[in-house]
Amino acid sequence: MRVLFLVQGEGRGHLTQALSLAQILQIAGHEVVGAIVGITADRDVPTFFSEKFSAPITPVFSPGLVYNAGTNALEPVKTTIQALRYAKPFWRSLLQVRNIIEKEQPDVVVNFFEMLGGLTYALLRPSVPMVCIAHQYMAFHPNFQRPKGQWFYRQAFKLNTRLTCFGARELLALSFDKQADEPRQRLRIVPPLLRQEVTELKSSAGDSLLAYVTQPGLKVELLKAHEQHPEIRLDGFHSGVTVADQVIDDTLTFHAIDGKRFLEFMARCKAIVTTAGFESVCEAAYLGKPALMIPQSNHYEQACNAIDGQRAGVGVASERFDLDKLTEYLPKYDKQLSERFRAWHAQGYFLFLAALNRASTPTSKPSSGGFFLTRMRHLLRS
């Protein structure tokens, strides 16, 4: 089977998932013929992906998400306005994606939450079947946990998620645990895709907390929490650190961002404090490390992740860097969760291969999308 990837280049999650699936396909004797990666003028294909992905990579322009420069909060309105501003170059990107698919003629296209994929299949209808993979597709599952209120953010999130998967044969929703499939939504529940480096680590008990600090506001909260609990050992990986290890005092050390070292620290820490990104929380669960999950401001997806992760028992949700909440939770953490999580993860090899085999079996073409997508074609071309 020949497989072409389409990957959202925002952050690390979807790119690491693509690397993990590529490993599964190669082990099974299939060929990954290439990856189309969505980029912006300010964001190229990350080095960690280009160095590890063995097939050709084609960067293609895709409007990115807009975050507040001060708080790192997601700006849904500005994100929408930016996407409209780039309508014409976006249309050219759709044509480019369609042309690559038709030239390569893979057996199946796997889309990792890139909007270029859903809109290319909705508007231009390539001849090759597509499967979409992302945790975000859990939004279409009736059991998915959501924050109360936030109607606007909920609708914007569902619309954005829907735009990535028009025309897909199946939606593979990555989940913390096993859930029932939803055939009416073309939805199948599958385990997380974790990078091989995580599965090769040996976990050990530790006495320090590990924090991944990407937001300026979160660093301030970490320092306040440290002042309140100077007896608790803290290691924080922070983008503003220019040396490998910056010792603040006897119980607080900041480290420069380094993916390999962060995983090594995670394997031997007591618990982690992180934003509620699905990938990092799953890595902690695999290693048996409870997580304090702090969603980014206005980031509806992360708010959902934190609630759903708390339901699944992988950690506790919080609106701020609250060490009291984490220390109170630690005795309640189920130490058998890691064993169950690993067993669920192990099923992924067969579930992903089965899904791609189903998709590559000839069947009727999906609907073009009706009046809504006909109008969208007209607007993009004008």
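Computed from a predicted model, the values in this text were never measured in an experiment.

The next point concerns the confidence of the model for the protein. Of the residues in the protein, 90% reach a pLDDT of 70 or more, and the chain-wide mean stands at 88. Predicted confidence in the protein is weakest over helix H15 (residues 370-381), with a mean pLDDT of 45, and strongest over strand E4 (residues 108-112), with 98. Contacts of residues 364-372 to residues separated by more than four positions or lying in other chains number 10 contacts, the stretch itself having pLDDT below 50. Note that pLDDT drops below 50 for residues 374-382; the model gives that stretch 13 contacts with residues more than four away or on any other chain.

Turning our eyes to something else, we now look at the state of the cysteines. Two cysteines, two sulfur atoms, one covalent bond between them: this is a disulfide. Counted according to the given criterion, the structure contains 0 disulfides. You can see cysteine 165 has no disulfide; the closest cysteine sulfur is in cysteine 132, sitting 5.5 Å from it.

The subject of this paragraph is the sheet that holds strand E5 (residues 130-134). Read from one edge to the other, the open sheet built from 7 strands follows the order E3-E2-E1-E4-E5-E6-E7, with strand pairing classed as parallel. Every interior strand has two partners, whereas the edge strands, strand E3 (57-61) and strand E7 (187-190), have only one. Along the sheet, successive strands turn relative to each other by an average axial angle of 25°, direction set aside. Contacts from helix H1 (residues 13-27) reach strand E1 (2-8), strand E2 (31-39), E4, E5 and strand E6 (170-174) within the one sheet, and its direction differs from that of E1 by about 170°.

Counting 83 residues, the largest nonpolar core has Phe5, Leu21, Phe49, Ile133 and Phe321 as its most contacted members. Here the element with the most residues in this core is H1; it accounts for 7 residues. Core analysis: the second largest hydrophobic core is formed by 40 residues, Val109, Tyr137, Phe140 and Cys165 among them.

With 13 residues, helix H14 (residues 348-360) extends 18 Å from end C-alpha to end C-alpha; this agrees with the ideal 18 Å at 1.5 Å per step. Taken together, the buried positions of H14 are Gly348, Phe352, Leu353, Ala355, Leu356 and Ala359. Down the axis of H14, the smallest arc covering the buried residues is 160°, so these residues share one side. Those residues of H14 hidden inside the fold are in contact with H1, E4, E5, E6, E7 and helix H13 (337-346).

Moving on, we get to the packing of aromatic side chains. Counted under the stated rule, the structure contains 13 aromatic pairs. Between tyrosine 349 and phenylalanine 350 the ring centres are 5.2 Å apart and the planes differ by 80°, which places this aromatic pair in the edge-to-face class. Assessed through its relative accessible area of 60%, phenylalanine 350 is described here as exposed. Aromatic ring contacts, followed pair by pair, group Phe5, Phe49, Phe53 and Phe112 into a single cluster. The ring of phenylalanine 140 carries arginine 162 above its face, with NZ or CZ at 4.0 Å from the centroid.

Before going further, it helps to examine unusual backbone geometry. Positive phi values are uncommon outside glycine, yet arginine 125 reaches one of about 50°. By the secondary structure assignment, arginine 125 is in the loop between helix H5 (115-123) and E5. At arginine 186, a position not held by glycine, the phi torsion is positive, near 60°.

Our focus in this paragraph is the sheet that holds strand E10 (residues 245-249). Here 7 strands make up an open sheet; going across it, the order is E10-E11-E9-E8-E12-E13-E14 and the pairing mixed. If you trace the sheet from one side to the other, it starts and ends with E10 and strand E14 (315-317), each paired once. Strand-to-strand twist across the sheet, computed as the mean angle between neighbouring axes with direction ignored, equals 20°. Where strand E13 (residues 291-293) lies against E14, 3 bridges are found, and the strand directions are parallel. Opposite leucine 292, over in E14, you have valine 316 as the bridge partner.

To continue, consider the pairing of E10. Here E10 runs beside strand E11 (residues 252-256); their pairing, made up of 4 bridges, is antiparallel. Of the residues in E11, the one forming a bridge with valine 247 is threonine 253.

Procedures and definitions
- Residues numbered from 1 in each chain as written.
- Predicted model: local features only at pLDDT ≥ 70, side-chain atom pairs only at ≥ 80, totals over all residues.
- Heavy atoms only, no water.
- pLDDT = per-residue confidence, 0-100.
- Helix = DSSP H or I, 4+ residues; strand = E, 2+ residues; numbered from the N terminus.
- Contact = heavy atoms within 4.5 Å.
- Disulfide = S-S within 2.5 Å.
- Pairing = 2+ DSSP bridges.
- Axes fitted to C-alpha atoms, helices over the stretch in contact; angles between N-to-C directions.
- Core = buried A, V, L, I, M, F, W, Y, C linked by side-chain atoms within 4.5 Å.
- Buried < 20%, exposed > 50% of the residue type's maximum accessible area, 1.4 Å probe, protein only.
- Expected span 1.5 Å × (residues − 1).
- Arc of directions from axis to C-beta.
- Phe/Tyr/Trp six-rings, centres within 6.5 Å; stacked < 30°, edge-to-face > 60°.
- Lys NZ or Arg CZ within 6 Å of the ring centre and 35° of its normal.

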